[in-house]
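One-letter residues, chain by chain:
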Amino acid sequence: MSVASQIESINAALPEGTRLVAVSKFHPAEAVQEAYNAGQRIFGESRVQELLSKASVLPSDIEWHFIGHLQTNKIRQILPFVSLIHGADSLRLLQEINKEAQKINRKIPCLLQIHIAAEDTKFGFSPDECQKLAEEGAFNNLEFIQLSGLMGMASLTDNFNQIDQEFKTLKLLFDRLSQGAFRSNKHFSELSMGMSDDYPVALENGSTLIRIGTRIFGQRNY
Ligand SMILES: *Cc1c(COP(=O)(O)O)cnc(C)c1O
């Protein structure tokens, strides 16, 4: 299937209030343009240089989401171009983003990345750690961060029962925080979960942002 028909078929099946992030990492600007022509406006990239070089040649109404692990020395370059950072995975990173955002006087929407997978190679807060920090008010002094929700990645497994449990863990934390520590934050509304192989499970569990690469653009050549 073509890029355009994949975009159309995924979007047609999305519940109200859920948006598609087309993950274009490792694919050329031409592939992004093809998806754009099919109506797609939100794209996800995981490397700073790649996002910047694509943003410089592609239409300016594209919403670029950064979905990778952000190194502190790259924050400054990316802030003017990014509309959502999915992978805010430590308090230190948030503090650095806040500092750089203040310099350009821009409030940056960020999702807290939560570690829900069984593999221990993935970045993020544990659910307990995140809840504890939130209750202690550790996220409250970040004036130039707009805390917009949570992001997580399930284990790389074909055990859908396990994936379902992991997404449920993330949704439970999201509900607790939105009714608890973050209840006065009206921006705390996004739950970013679901990739090419597991997004139907994520949708069943209340995902509001699915991040799909391979299913749209094909295999990546690293
Ligand atoms: C690469 C990537 C995706 C897309 O993965 P696919 O399996 O190709 O859909 C989604 N989320 C994150 C964080 C990624 O790094």
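Everything below is about the structure printed above this text.
Residues numbered from 1 in each chain as written. Predicted model: local features only at pLDDT ≥ 70, side-chain atom pairs only at ≥ 80, totals over all residues. Heavy atoms only, no water.

Comments concerning the overall build of the protein chain
What the protein chain contains, in helices and strands, is nine helices and eight strands. In summary, the protein chain has a C-alpha radius of gyration of 17 Å against a globular reference of 17 Å for 222 residues, a match within 12%. Projecting the C-alpha coordinates of the protein chain onto the three principal axes gives extents of approximately 50 × 45 × 30 Å. The burial tally for the protein chain puts 51% of its 222 residues in the buried class. A separation threshold of at least 6 residues defines the contact pool for the protein chain, and within that pool the share at least 24 residues apart is 59%. Total accessible area on the protein chain stands at roughly 10700 Å², and carbon and sulfur atoms take up 47% of it. The centroid of the 22 positive side-chain charges in the protein chain is displaced by 6 Å from the centroid of its 26 negative side-chain charges. (Helix = DSSP H or I, 4+ residues; strand = E, 2+ residues; numbered from the N terminus. Rg over C-alpha atoms; globule rule 2.2 N^0.38 Å. Buried < 20%, exposed > 50% of the residue type's maximum accessible area, 1.4 Å probe, protein only. Contact = heavy atoms within 4.5 Å. Areas by Shrake-Rupley, 256 points an atom, 1.4 Å probe, with all protein chains shown as cover. Lys, Arg positive; Asp, Glu negative; His and termini not counted. Charge placed at Lys NZ, Arg CZ, Asp CG, Glu CD.)

Considerations on the layout of surface pockets
Reported here for the second largest pocket is a volume of approximately 280 Å³. Taken together, 13 residues line the second largest pocket, and the ones lying closest to its centre are Phe139, Asn140, Ile145, Leu147 and Asn185. (1 Å grid on protein atoms, 1.4 Å probe; cavity = no way out; pocket = protein on both sides within 12 Å on 5 of 7 lines; lining within 4 Å. Points joined across faces, edges and corners; volume = space filled by probe spheres on them.)

Let's talk about the pairing of strand β8 (residues 209-212)
Covered by surrounding structure in β8 are Leu209 and Arg211 together with Ile210 and Ile212, the residues of both alternating faces. Note that strand β1 (residues 19-23) and β8 share four bridges and pair parallel. Note on β8: the bridge partner recorded for Leu20 is Ile210. (Pairing = 2+ DSSP bridges.)

Looking at the environment of Leu94
Among the structural elements, Leu94 can be located in helix α5 (residues 91-103). A sequence separation of 18 residues divides Leu94 from Leu112, and the C-alpha atoms of the two residues are 9.1 Å apart. Beyond its immediate sequence surroundings of up to four residues, Leu94 is in contact with Ala88, Cys110, Leu112, Phe125, Phe139, Leu142 and Ile145.

Some points on the nonpolar core
Residues Ile97, Leu112, Phe139 and Leu150 are the most contacted members of the largest nonpolar core, which totals 65 residues. Broken down by element, the residue count for this core peaks at six residues, all from helix α7 (residues 160-179). In contact with Leu150, other than residues within four places in its own chain, are Leu111, Leu112, Ile114, Leu170, Leu173, Phe174, Leu177, Phe188, Glu190, Leu191 and Ser192. Counting six residues, the second largest nonpolar core, distinct from the first, contains Val21, Ile42, Leu84 and Met151. (Core = buried A, V, L, I, M, F, W, Y, C linked by side-chain atoms within 4.5 Å.)

Re the packing of helix α6 (residues 127-136) against α7
Between α6 and α7, the shortest axis-to-axis distance is 11 Å and the interhelical angle comes to 5°. Taken together, α6 and α7 sit at an angle that is classed as roughly parallel. In this structure, α6 uses Pro127, Cys130, Gln131 and Ala134 to contact α7, whose residues at the interface are Thr169, Leu173, Arg176 and Leu177. (Axes fitted to C-alpha atoms, helices over the stretch in contact; angles between N-to-C directions. Parallel < 35°, antiparallel > 145°, perpendicular 65-115°, else oblique.)

A look at the environment of Thr214
Its location among the elements puts Thr214 in helix α9 (residues 214-217). Along the backbone, Thr214 and Met195 are 19 residues apart, and their C-alpha atoms lie at a distance of 8.7 Å. Apart from residues lying up to four places away in sequence, Thr214 is in contact with Ser196, Gln219 and Arg220.

What to know about α5
The end-to-end C-alpha distance of α5 is 19 Å, a good match for the 18 Å that 13 residues give at a rise of 1.5 Å each. When we look at burial in α5, the residues that qualify are Leu93, Leu94, Ile97, Asn98, Glu100 and Ala101. The elements touched by buried residues of α5 are α4 (75-78), β4 (82-88), β5 (108-115) and β6 (145-153). One or two residues past the end of α5 sits Asn105, with phi positive at roughly 55°. (Expected span 1.5 Å × (residues − 1).)

These values are about where atoms sit, not about what they do.
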